[in-house]
Amino acid sequence: MEKVQPGLSDVSISGDIPVEGEITVPVGSPSHDDEYSTLDEPVKETILRDLKAVGKKFGHVMYPKKSTTLLRDWDLWGPLLLCVTLALMLQGGSADSKEDGGPQFAEVFVLIWFGSVIITLNSKLLGGTISFFQSLCVLGYCILPLTVAMIVCRLVLLGGTGTASFIVRFIVVVASFGWSTFASTAFLADSQPPNRKALVVYPVFLFYFVISWMILTFSPSHSNTGP
Amino acid sequence: MENMDDTSGSSFEDMGEMHQRIKEDEEVSEEAAATEEGDDGEFLGMKGVRGQLGRQVADEVWQAGKRQASKAFNLYGNIDILRPYFDVEPIQVRNRLLESLIPVRIVNFPQKIAGELYGPLMLVFTLVAILLHGMKTSGTVIREGTLMGTAIGTCFGYWLGISSFIYFLAYLCNAQITMLQMLSLLGYGLFGHCVVLFVTYSVHFHSLFYILWLVVGGLSTLRMVAALISRTVGHTPRLILCGTLSALHMLFLLYLHFAYHKIVEGILDTLEGPNVPPFQRVARDVPEVSVALVNATVKTIGVALQSY
């Protein structure tokens, strides 16, 4: 008599055994049950919360480590703030101040936003895993060092426009340009296939280079010294 | 993967349509199931057959419109259309940049032209950046528009416009080249322009510019011309196509240099006089340049008025 080895294929239920009961998936109680929805809170709290989030991200940009905070909770308030600040400060910096005041603000604004869009599209086309708005967020936040450099340059320019001031401004702008590029690559490069990082970094380099160039060649308008 | 010569037409549209049809079938069956259930419940509570009919017609129209719009968007708004043209490695880009200055002598067999858009696009943006640098250091003041707009318009206009024009001529002359290859060829040809302008905007020697214009500009033009000749049959078509391309390419470099440098020359002569050798590199700050420009212009106008 052969022994039948009990194996998995031998499992069978003889007869029809009806199975009864309820299948429910236990749903955890909603986490905001005890808090009111954010629509009811005072405006001051909303603004403070958003400002704190923006401030936290500024901190991440100034000390770039490989963290995912900028990517996870992306927002566009910070970039907008920085862009408007930079554009306002770069305004009115040429010979005919009354004619060039308007276009310069628009120029910087359009440059920053369209530049970011193009870099994002480029990184997506090269096979990046980052989403559109996340990339815009990172590029916008990494303008912070350049904005700081702009403030420093304006302060230095108050003291005169000689060679010494030019050298100081040059060093400050180059340092902040390097910082910006390094910070943004720390966030962006991880989302790319490893052998294509250079292809993504180059447009970022060019973008911050153009902005740095605009900051470096900025000179405050002075009264017309006609004959 | 190298992008080979692909003249098979827009196959992505066929694939897109197939996917869209499959999705539509699923959606239609879902909608049919939903409206069946909905109808049973709502019919009793409605005003009557007329109200129900009107609502259904409106629904159908809306769904049809939505389907058409999403079909069109998925087909043409999809960024994945451009994805194959950006499929490059950094080392390939570097090699193509260097090869764009080395003419290849094969004219009896069609030369291989890479159909890629990353390199040309980056080169156009680099050219824009270099032009901005040149405009700022020469103190160009643009009244009707902005520096940025002019630079971007010039570079992109050249790349897209001249590519289209040469593609049109190639079509007339029966040359075997696709639009993508033409864009790629001309884009890489801008590498020579970038190099020349970068050097001459930093070091203002006139004779250096002419030498570089002939050598570097000439090499990149020869490369493009050789590629086109290898794909065209007949002497006259070759002459027309290549003559036009060479003329436009070389003249563009000449234009880029002179349009933004004349002002610099004028100021140097006015400020320092004829005794100083005119081609010295002077580190100067932009506001002084602009003030000097205004002074020089007014002086010239004054002199011109006096002589009349």
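Keep in mind the model is a prediction, meaning the values are calculated, not measured.

### A few points about helix α6 (residues 144-158) of chain A
Residue and element names in this part refer to chain A.
Here's step 1: For α6, spanning 15 residues, the distance from its first C-alpha to its last is 22 Å, which sits close to the expected 21 Å at 1.5 Å a residue.
Here's step 2: All of the buried residues along α6 are L144, P145, L146, T147, A149, M150, C153 and L157.
Here's step 3: Where α6 terminates, the next one or two residues include G160, which has phi positive at roughly 135°.

### Points about the packing of helix α3 (residues 77-89) of chain A against α6 of chain A
All names here are of chain A.
Here's step 1: Packing of α3 against α6 leaves a shortest axis separation of 10 Å and a crossing angle of 30°. The angle between α3 and α6 places the two elements in the roughly parallel class. Remark: the crossing between α3 and α6 carries left-handed chirality. On α6, the residues touching L82, T85, L86 and M89 of α3 are L144, L146, T147, M150, I151 and R154.
Here's step 2: In the contact of α3 with α6, the residues fall into seven nonpolar, two polar and one charged.

### Some thoughts on the UniProt feature "transmembrane region" (unreviewed entry) in chain A
Residue and element names in this part refer to chain A.
Here's step 1: The UniProt record marks residues 74-93, 105-126, 138-160, 166-188 and 200-219 with the feature "transmembrane region" (unreviewed entry), using the residue numbering of this structure.
Here's step 2: Within the segment residues 105-126, helix and strand shares are 95% and 0% respectively, and the terminal C-alpha atoms sit 32 Å apart.
Here's step 3: Spanning residues 166-188, this segment combines 100% helix with 0% strand, and its end C-alpha atoms are found 32 Å apart.

### Describing the pattern of salt bridges
Here's step 1: A full pass over the atoms with the stated rule returns four salt bridges over all chains.
Here's step 2: Between R196 of chain A and D87 of chain B there is a salt bridge, and its shortest N-O distance comes to 2.7 Å. Separated into two different chains, R196 of chain A in the loop between α7 (163-188) and α8 (197-216) and D87 of chain B in the loop between α2 (49-76) and α3 (90-99) make up a pair that spans both.
Here's step 3: Its salt-bridge partner being R96 of chain B, residue E116 of chain B comes within 2.3 Å of it at the nearest N-O pair. Here E116 of chain B is found in the loop between α3 and α4 (118-137), whereas its partner R96 of chain B is found in helix α3, with 20 residues between them in sequence. Comparing E116 of chain B with R96 of chain B shows no difference in burial state: the two are buried.

### Overview of the packing of aromatic side chains
Here's step 1: Applying the stated criterion across every chain yields a total of 17 aromatic pairs over all chains.
Here's step 2: Within the aromatic cluster, the residues linked to one another by ring pairs are F177, Y202, F205 and F209 of chain A.

Each value, and the rule that gives it
Residues numbered from 1 in each chain as written. Chains lettered and ligands numbered in written order. Predicted model: local features only at pLDDT ≥ 70, side-chain atom pairs only at ≥ 80, totals over all residues. Heavy atoms only, no water. Helix = DSSP H or I, 4+ residues; strand = E, 2+ residues; numbered from the N terminus. Expected span 1.5 Å × (residues − 1). Buried < 20%, exposed > 50% of the residue type's maximum accessible area, 1.4 Å probe, protein only. Axes fitted to C-alpha atoms, helices over the stretch in contact; angles between N-to-C directions. Parallel < 35°, antiparallel > 145°, perpendicular 65-115°, else oblique. Left-handed = near helix turned anticlockwise from the far one by under 90°. Contact = heavy atoms within 4.5 Å. Nonpolar A, V, L, I, M, F, W, Y, C, P; charged D, E, K, R; others polar. UniProt positions renumbered as here; feature names shortened; annotations may be inferred. Salt bridge = Lys/Arg side-chain N within 4 Å of Asp/Glu carboxyl O. Phe/Tyr/Trp six-rings, centres within 6.5 Å; stacked < 30°, edge-to-face > 60°.

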